[in-house]
Amino acid sequence: ETLPTSSEINSSSISTPPTSSTLPVPTTSTLPHPVPTITTSETSEEELLSVWSNLLKNWEENVKKNFKNVRNLVRRGIPDPLRGMVWQLLAGPHDEELKKKYPLLIIESCPFEKQIKRDLDRTFPEHSFFKDRDGLGQESLLSVMKAYSLYDREVGYCQGSLFIAGLLLMHMPEEETFCVFVHLMNHYKLRELYK
């Protein structure tokens, strides 16, 4: 089974995620590399990390050969320590050219910088990473949004996009956040929401 393209996905094809008790449980025999068998929805954090670690060792092969099992694991939840890495892998191929553009974009003058700065305090105001004015979280979020507004001048900046970028920043560095954000906006058509 192959991943559907964004044009193949429509609202009628999206269903409510099943509960953990209805998901098929990946077993040692369904993945090409040995992984512990998950037998209950009360899986320990260590067991889940072990399953995900084995899956990540040969990500591309596992996704191609066992897409249903990977999808079921994602639906059950990605362990927090691996979430940023898995999100990057799920978002698509790494774009080194895009990553190289990021440092150039963040030093350019941005017409939306004042507006972005005004909205930073309203983005995850209680989260420790974003709580401090001019702290690392707010500075990183400012950089990512500045870079994106310059990268995609048609969309520019929209306050709601801060929450998507902020969530990504909680799990990965700025450059990766920018690349995943661009991929989400372009390939999953989120940019249509912000035009």
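What counts, and where the lines are drawn
Residues numbered from 1 in each chain as written. Predicted model: local features only at pLDDT ≥ 70, side-chain atom pairs only at ≥ 80, totals over all residues. Heavy atoms only, no water. Helix = DSSP H or I, 4+ residues; strand = E, 2+ residues; numbered from the N terminus. Buried < 20%, exposed > 50% of the residue type's maximum accessible area, 1.4 Å probe, protein only. Core = buried A, V, L, I, M, F, W, Y, C linked by side-chain atoms within 4.5 Å. Contact = heavy atoms within 4.5 Å. Salt bridge = Lys/Arg side-chain N within 4 Å of Asp/Glu carboxyl O. pLDDT = per-residue confidence, 0-100. Arc of directions from axis to C-beta.

You can see L73 is positioned in helix α3 (residues 67–76). A relative accessible area of 0% places L73 in the buried class. As for L73 and W52, which are separated by 21 residues in sequence, their C-alpha atoms are 8.3 Å apart.

This part covers the nonpolar core. Residues I116, L141, M145, Y148, L162, F178 and F181 are the most contacted members of the largest nonpolar core, which totals 30 residues. Those elements giving two or more residues to this core turn out to be α5 (96–105), α6 (113–120), α7 (136–151), α8 (161–169) and α9 (174–187). Not counting chain neighbours up to four residues away, the residues in contact with L162 comprise I116, D119, L120, T123, L141, M145 and Y157.

Okay, the pattern of salt bridges next. If you walk through the whole model with that rule in mind, you get 15 salt bridges. R118 is the salt-bridge partner of D119, the closest N and O atoms lying 4.0 Å from each other. For D119, a relative accessible area of 2% puts it in the buried group. We note a salt bridge from E154 to K195, for which the minimum N-O separation is 3.7 Å. Here the residue E154 occupies a position in the loop between α7 and α8, and K195 occupies one in the segment after α10 (191–194), the gap between them amounting to 41 residues. The class for E154 is exposed, based on a relative accessible area of 56%. Taking the relative accessible area as the measure of exposure, K195 reaches 51% and is therefore exposed. Within this structure, D152, E154, R191, E192 and K195 form a network of salt bridges that share partners.

Scored by pLDDT, the chain has a mean of 80; 77% of the residues are at 70 or more. Of all helices and strands in the chain, the one with the weakest mean pLDDT is α10 (88), whereas α7 scores best (97). Low pLDDT, under 50, characterises residues 1–40; the stretch is placed with 56 contacts to residues that sit more than four places away or in other chains.

Let us now look at α5. Regarding α5, the residues found buried are L98, Y102 and L105. Seen along its axis, α5 keeps its buried residues to an arc of 80°; they face one direction. In this structure, α5 carries E97, K100 and L104 as exposed residues pointing more than 90 degrees from its buried face.

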